[in-house]
Amino acid sequence: MTSYDIVIIGGGPAGLAAAVAARKAGIQSILILERDKELGGILNQCIHNGFGLHTFKEELTGPEYAYRFIEQVLEEKIEYKLNTMVMDISSERVVTAMNREDGMFEIKAGAVILAMGCRERPRGALNIPGYRPAGIYTAGTAQRLMNIEGHMVGKKVVILGSGDIGLIMARRMTLEGAKVEVVAELMPYSGGLKRNIVQCLNDYDIPLKLSHTVIDIKGKDHVEGITIAEVDANRKPIPGTEEFYEADTLLLSCGLLPENELTKGIGVSMSRVTGGPEVNDKLETGLEGVFACGNVLHVHDLVDYVSEEASLAGENAARFVLEGEKTEGRSVGLLADGGVRYTVPQTLDVANMNDKVTVRFRVADVYKNRNICVYYDDKKVSSVKKKVLAPGEMEQVILKKESFSEYPDLKNIRICTEE
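A brief structural summary. This structure is a prediction, so every number in the text was calculated from the model and none was measured.

**Some thoughts on the overall build of the protein chain**
Within the protein chain, the regular secondary structure consists of seven helices and 25 strands. A compact globule built from 419 residues should have a C-alpha radius of gyration of about 22 Å, and the protein chain, at 22 Å, falls within 12% of that. Taking all 419 residues of the protein chain together, the buried fraction comes to 52%. In the protein chain, 62% of the contacts between residues at least 6 apart in sequence involve partners at least 24 apart. Split by element, the accessible area of the protein chain, about 19100 Å² in all, is 47% carbon and sulfur. When the 49 basic and 60 acidic side-chain charges of the protein chain are each reduced to a single mean position, those positions are 3 Å apart.

**Notes on empty space enclosed by the protein**
Tallied over the entire structure, the rule returns one cavity of 30 Å³ or more. Here the largest cavity is characterised by a volume of approximately 30 Å³. Considering only residue class, the lining of the largest cavity consists of one nonpolar, three polar and three charged.

**Here's the deal with helix H5 (residues 194-201)**
One turn of an α-helix holds 3.6 residues; hence residues three or four places apart share an orientation. Within the span of H5, buried status applies to Asn196, Ile197, Cys200 and Leu201. What you see down the axis of H5 is that its buried residues fit within an arc of 105 degrees, all on one side. In the core, the buried residues of H5 are packed alongside helix H4 (164-175), strand E10 (179-185) and strand E11 (208-210).

**Observations concerning the pattern of salt bridges**
Applying the stated criterion across every chain yields a total of 15 salt bridges. Here Asp337 makes a salt bridge to Arg414, at a shortest N to O gap of 3.1 Å. Remark: Arg414 occurs in strand E25 (residues 412-418) and Asp337 occurs in the loop between strand E18 (331-336) and strand E19 (340-344); sequence separation between them is 77 residues. Lys380 is paired through a salt bridge with Glu418; the nearest N and O atoms lie 3.1 Å apart. Linking Lys380 in strand E23 (residues 379-389) with Glu418 in strand E25, this pair joins segments that are 38 residues apart in sequence. In this structure Lys380 comes out as partly exposed when scored by relative accessible area, which is 39%. Under the relative-accessibility criterion, Glu418 is labelled partly exposed at 22%. In this structure, a network of salt bridges that share partners links the residues Arg35, Arg119, Glu259 and Glu261.

**Observations regarding the layout of surface pockets**
A volume near 330 Å³ is recorded for the second largest pocket. Lining the second largest pocket are 15 residues, and of these Lys194, Ile197, Val366, Val388 and Ala390 sit closest to its centre. Looking at the lining of the second largest pocket residue by residue, the classes come out as nine nonpolar, two polar and four charged.

Conventions we followed
Residues numbered from 1 in each chain as written. Predicted model: local features only at pLDDT ≥ 70, side-chain atom pairs only at ≥ 80, totals over all residues. Heavy atoms only, no water. Helix = DSSP H or I, 4+ residues; strand = E, 2+ residues; numbered from the N terminus. Rg over C-alpha atoms; globule rule 2.2 N^0.38 Å. Buried < 20%, exposed > 50% of the residue type's maximum accessible area, 1.4 Å probe, protein only. Contact = heavy atoms within 4.5 Å. Areas by Shrake-Rupley, 256 points an atom, 1.4 Å probe, with all protein chains shown as cover. Lys, Arg positive; Asp, Glu negative; His and termini not counted. Charge placed at Lys NZ, Arg CZ, Asp CG, Glu CD. 1 Å grid on protein atoms, 1.4 Å probe; cavity = no way out; pocket = protein on both sides within 12 Å on 5 of 7 lines; lining within 4 Å. Points joined across faces, edges and corners; volume = space filled by probe spheres on them. Nonpolar A, V, L, I, M, F, W, Y, C, P; charged D, E, K, R; others polar. Arc of directions from axis to C-beta. Salt bridge = Lys/Arg side-chain N within 4 Å of Asp/Glu carboxyl O.

Next up, the structure:
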């Protein structure tokens, strides 16, 4: 059995940033395991711009952003294995993987960083009636077929769901000559970034119909048409609101799910809201020495935040390997309340935390003119006014270590919205 100080599962933006940060923190023995044939993850198919404004202070395409980190991995001579599938991680941090060259093999890791990313919610999870004709794709599959494989997936398109990939594919297909008839969204608000609604739909006069869903797919062998209808407060179709669109393609952009089968196998505590593992302020899961970052932890809206979070996981994994596990000082729970759906991290060690910790979260609905408030037990310690809060955009608060000195008996930190 070979051994490495740090094994990183996933060679996408999170895995790459974590590897570079761990190397800079003094770890020489690092291995990245990636199931695809190249590093870069999902960014390789995201050929649109808008990446890197926070990290590199310039606008890059997805492949350009990924290559900035791939270059650093190559310069640092960090080892990686491609076309490699990880099968299991034991509680002793033994990673079982396989590929064509090595067959099945095991690696003993000083620390493991989970960076497997996320996947799209498939049609089977959506309960759409109708046959199973050709011409139905998840938005990410269509993106890969068009941007990497060079296939045009359709000419007349209906998109269900207004996640960011769906919005971006509405623009992409329009630029390639397709007609996007409509984007239908089940919820009364969009799941994507405001800038994507403006740049990908409004700029191309593509209608967005909120509180609508697909109720029928016409065609047995291939999609011939799509019927959508308005839904009520219980998300049930309203009779008499049906609209039919001739179409040969249906794209599904109905949310992303963190890729956590491996994580569940370890037996760590999982968040019902994010679908990812629960972590402390070091981004460490319930299993000592196993860290998580990026979309496997919770779905991000900006890759820059993925890189920032992954760098922190890399630094903390390095510290774990070099110094061993610190005794937990005073663990305080973070509570999401009043319109806040979840927080990452879920706990904070106020004695051993960094000087400041960024807490990221999403809200449950669209709110206007609300305050994001932080309470230490029952005392409000901060309040920030926001004109608009939306589920499609991640929010954050920064907690400083020095602020806890006056609260020796702190039980919990509550993050909420208030009018």
